[in-house]
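Inside the fold
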Amino acid sequence: MIFKLSLKNLKAHVPNYLVYYISMTFAAVVYYCFRAIAYNQPLVAGAGRDIEIKRSLGLGSTLVTIIILGFMLAANRFFIGKRSQEIGLYRLIGLRKSQVSLIFLVENLVLGFVSLINGIILGVIFTKLFSMILAKVRFLEVPSFFYISWRSVIETGVAFAFMILIF
């Protein structure tokens, strides 16, 4: 019953969650791109001793994580405040706080999982573009291959799963 209610709520609140979904997908794309470029061996080797690229990408990943955490906190507070009457109705019909929390957790998990999967797919596509831009800006003559960084996929998945479960 809780899971059916969660999915029904997700469908009913699609316009409210659309901005959240797009933002989370974009954040997953950016996070994946930072991690994948950091693990791009031809690009890092082409930079030679210039470890500034690795530090910058690591700092970028950290900043993206902090921004995502802040965004998720604000968005969850906004959605809970906007749906306070709905929460009150659930409590009135006899649902315990843990059940109401479970409804919101399932909604966040579904939304987070879908945005994570889409973000990784788009991240794989955009990583090549960002790698080429970085190589041009740094005047590096390195081959640009289309690849999937499985290490970055795992790191992105773990980071987003952790952030989604926190909130």
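Attention now moves to the overall build of the protein. Across its full length, the protein carries seven helices and zero strands. Mapped in sequence order, the helices and strands of the protein form the string α-α-α-α-α-α-α. Counting over 167 residues, the protein shows a buried share of 40%. In the protein, the share of contacts with a sequence separation of at least 24, taken over all contacts with a separation of at least 6, comes to 83%. A total of about 10,100 Å² of accessible surface is found on the protein, and carbon and sulfur atoms cover 73% of it.

With respect to the element layout, Ser152 can be found in helix α7 (residues 150-166). Here the side chain of Ser152 touches Ala36 through a polar contact of 3.1 Å, landing on its backbone nitrogen. Setting aside residues no more than four positions away along its own chain, Ser152 makes contact with Tyr32, Arg35, Ala36 and Tyr39.

Tallied over the full model, the rule gives four salt bridges. Across the pair Glu107 and Arg83 runs a salt bridge, and its minimum N-O distance is 2.7 Å. You can see Glu107 sitting in helix α6 (residues 97-137) and its partner Arg83 sitting in the loop between α4 (52-82) and α5 (84-92), a full 24 residues away along the chain. Look at Arg83 and you get buried, because its relative accessible area is 4%. Members of the salt-bridge network, linked through shared partners, are Arg35, Arg151 and Glu155.

Turning to the packing of aromatic side chains, a few remarks are in order. For any two aromatic rings, the description comes down to two numbers: the centre-to-centre distance and the angle of the planes. Under the defined criterion, the tally for this structure stands at three aromatic pairs. For the pair Tyr17 and Tyr20, a centre-to-centre distance of 6.4 Å together with 55 degrees between the ring planes defines the contact as tilted. In this pair, Tyr17 and Tyr20 are both assigned in helix α2 (residues 14-38), three residues apart and thus about one turn of the helix distant. Look at Tyr20 and you get buried, because its relative accessible area is 4%. With a centroid separation of 6.1 Å and 75 degrees between ring planes, the pair formed by Tyr31 and Phe160 is classed as edge-to-face. Pair noted here: Tyr31 is in helix α2 and Phe160 is in helix α7, with a separation of 129 residues, a long-range link. No difference in accessibility class separates Tyr31 from Phe160, as the two residues are buried.

Moving on: helix α1 (residues 2-12). Along α1, the positions that sit buried rather than exposed are Ile2, Leu5, Ser6, Asn9 and Leu10. When α1 is viewed along its axis, its buried side chains cluster within an angular range of 140 degrees and face the same direction. Facing away from the buried side of α1 by over 90 degrees, the exposed positions are Phe3, Lys4, Lys8, Lys11 and Ala12.

Now for the nonpolar core. Counting 24 residues, the largest nonpolar core has Tyr17, Tyr20, Met24, Ile68, Met72, Phe160 and Met163 as its most contacted members. At the level of secondary structure, the elements contributing two or more residues to this core comprise α2, α4, α6 and α7. Counting residues per element, this core draws most heavily on α2, which supplies nine residues. Setting aside its immediate chain neighbours within four residues, Met163 contacts Thr65, Ile68, Leu69 and Met72. Judged by nonpolar contacts, the second largest core, of eight residues, contains Tyr90, Leu95, Val100 and Ile103.

On average, residues of the protein score 81 in pLDDT, and 84% of them are at 70 or above. Within the protein, α7 carries the highest mean pLDDT (88), whereas helix α3 (residues 41-47) carries the lowest (61).

Attention shifts here to the environment of Leu5. With respect to the helices and strands, Leu5 occurs in helix α1. When the C-alpha positions of Leu5 and Glu107 are compared, they lie 9.5 Å apart, and in sequence the two are 102 residues distant. Sequence-distant contacts of Leu5, defined by excluding residues within four places in its chain, comprise Tyr90, Leu95 and Ile103.

Criteria and thresholds
- Residues numbered from 1 in each chain as written.
- Predicted model: local features only at pLDDT ≥ 70, side-chain atom pairs only at ≥ 80, totals over all residues.
- Heavy atoms only, no water.
- Helix = DSSP H or I, 4+ residues; strand = E, 2+ residues; numbered from the N terminus.
- Buried < 20%, exposed > 50% of the residue type's maximum accessible area, 1.4 Å probe, protein only.
- Contact = heavy atoms within 4.5 Å.
- Areas by Shrake-Rupley, 256 points an atom, 1.4 Å probe, with all protein chains shown as cover.
- Polar contact = N/O pair within 3.5 Å; in protein donor to acceptor, adjacent residues only side chain to side chain.
- Salt bridge = Lys/Arg side-chain N within 4 Å of Asp/Glu carboxyl O.
- Phe/Tyr/Trp six-rings, centres within 6.5 Å; stacked < 30°, edge-to-face > 60°.
- Arc of directions from axis to C-beta.
- Core = buried A, V, L, I, M, F, W, Y, C linked by side-chain atoms within 4.5 Å.
- pLDDT = per-residue confidence, 0-100.

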